[in-house]
Amino acid sequence: MQHRIIISGGGTGGHIFPALSIADSIRKAEPEAEILFIGAEGKMEMEKVPAAGYRIIGLPVAGLRRSFSAANLALPGKVIKSLRKAGEIIREFKPDVAVGVGGYASAPLLWKAASMGIPTLIQEQNSYAGLTNKILGRRAKRICTAYPGMERFFPAGKIVLTGNPIRDNMRPFTEKEKAEGQRLFHLRSDLPTVLIVGGSGGCGTFNSVMRTACRTNGGAFPYQIIWQSGKAYSGQIQEMFSRLGGVSKTQDGMRIWGNIRNCDFITRMDLAFAAADVVVSRAGAGTISELCTIGKAAIFVPSPNVAEDHQTHNAMALVDADAAAMVCDSRALTDLFPAVEELLNDSARRSLLEHNILKMARPRAGADIAAEVLALAADKK
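Predicted, not measured: the structure shown is a model, and the values here were computed from it.

Peer 1: Give me the lowdown on the pattern of salt bridges, citing residues and values where you can.
Peer 2: Taken as a whole, this structure holds 13 salt bridges when the rule is applied. Linking Asp277 and Lys178 is a salt bridge whose minimum nitrogen-to-oxygen distance equals 3.2 Å. Here Asp277 is found in the loop between helix 9 (269-275) and strand 13 (278-281), whereas its partner Lys178 is found in helix 6 (residues 175-184), with 99 residues between them in sequence. On the basis of relative accessibility, which here comes to 17%, the residue Asp277 falls in the buried class. For Asp322, the salt bridge identified is with Arg349, shortest N-O distance 2.8 Å. In this pair, Asp322 is assigned in the loop between helix 11 (310-319) and strand 15 (325-326) and Arg349 in helix 13 (residues 347-358), connecting sequence segments 27 residues apart. Accessibility expressed as a relative area gives 29% for Arg349, which makes it partly exposed.

Next up, the structure:
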């Protein structure tokens, strides 16, 4: 029997990649399943999802700006239009289940689906649930969580602890894969490597820290750095390197300056992880789940610009388990590189963090969530 499933959400790689992982797991379990993605118009899922082989329809929804913005005045109209369009999609597609992974498009689609009698499943990535998911959770049939103790946000009988779905190529890496990563990023094998990655769009804080460090020490780092700075910051970073001089570029656009390897976007994140001895990252749920699965020593710098400060809650779940280190965003300029150097110089501490973070991995999350989705679909039939 062919099941029809809608997966909604997106806006960032942290939502899109888990959604694709769930879809791929559903297809593995039930190859004939028909899957439709719902995203937000103009967001990266409208490009990434078709590239992965799935159909997607965009809703005209947008997020609320935290500071005053004229764009906020148009938000109620966009929500109404999105609810109307979501209803039209549901009536035409006739899904057996609607899945929400977070992001702008999840709320109107899941709200409309539940009101039309379609079973809904929420995939809550974070250790601290946001307001939207708490509201949607009241009507959801199933809530798949990445952290224990989520009964404080959702009805206990609906919760299934699955972990966060991640990309298939994330796992503990071999020495051969580490060497492959070193070749890809033109790294020396006799120096340690730090990966600094602020998510798919880059991170202003990390870029400021790196610009300051480059101006201060002239690139004379005693270790190597792979730095993903984000496409939106490309002009600023290029201007900085132009002033510094002596920068070469590889064919894939990587900027090489001393021991720094700078990319707007890293396509082979698996090999970047494999090459790294320490990872510096924001504390998004998807990134944390990948770092748990690959077992890397990490320093988290939680973003202060997220709802309910959920990245700090995510990071502290690992810090409390002695599975990662953390530096506050406001202290990053002064404290981040000393923390990196301390960890690089303490191999015993790195090994302990690697051991403890690996214990928190849930590598079957995608398959487990897919099983819950298909069970709801079967119940509806």
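Now that the structure has been shown, we can carry on.
Peer 1: Could you give me a rundown of the sheet that holds strand 10 (residues 248-249), with the residues and numbers involved?
Peer 2: As summarised here, the arrangement of the eight strands in space is 10-11-12-9-8-13-14-15, forming an open sheet in which the pairing is mixed. The strands lining the two open edges of the sheet, one partner per strand, are strand 10 and strand 15. Relative to strand 12 (residues 260-263), strand 11 (residues 255-257) is paired through three bridges, and the arrangement is antiparallel. Across the sheet, Ile256 pairs through a bridge with Arg261, a residue of strand 12. Relative to the sheet, helix 8 (residues 234-244) contacts strand 9 (224-228), strand 10, strand 11 and strand 12, its axis offset from that of strand 11 by approximately 35°.

Conventions and cut-offs
- Residues numbered from 1 in each chain as written.
- Predicted model: local features only at pLDDT ≥ 70, side-chain atom pairs only at ≥ 80, totals over all residues.
- Heavy atoms only, no water.
- Salt bridge = Lys/Arg side-chain N within 4 Å of Asp/Glu carboxyl O.
- Helix = DSSP H or I, 4+ residues; strand = E, 2+ residues; numbered from the N terminus.
- Buried < 20%, exposed > 50% of the residue type's maximum accessible area, 1.4 Å probe, protein only.
- Pairing = 2+ DSSP bridges.
- Contact = heavy atoms within 4.5 Å.
- Axes fitted to C-alpha atoms, helices over the stretch in contact; angles between N-to-C directions.

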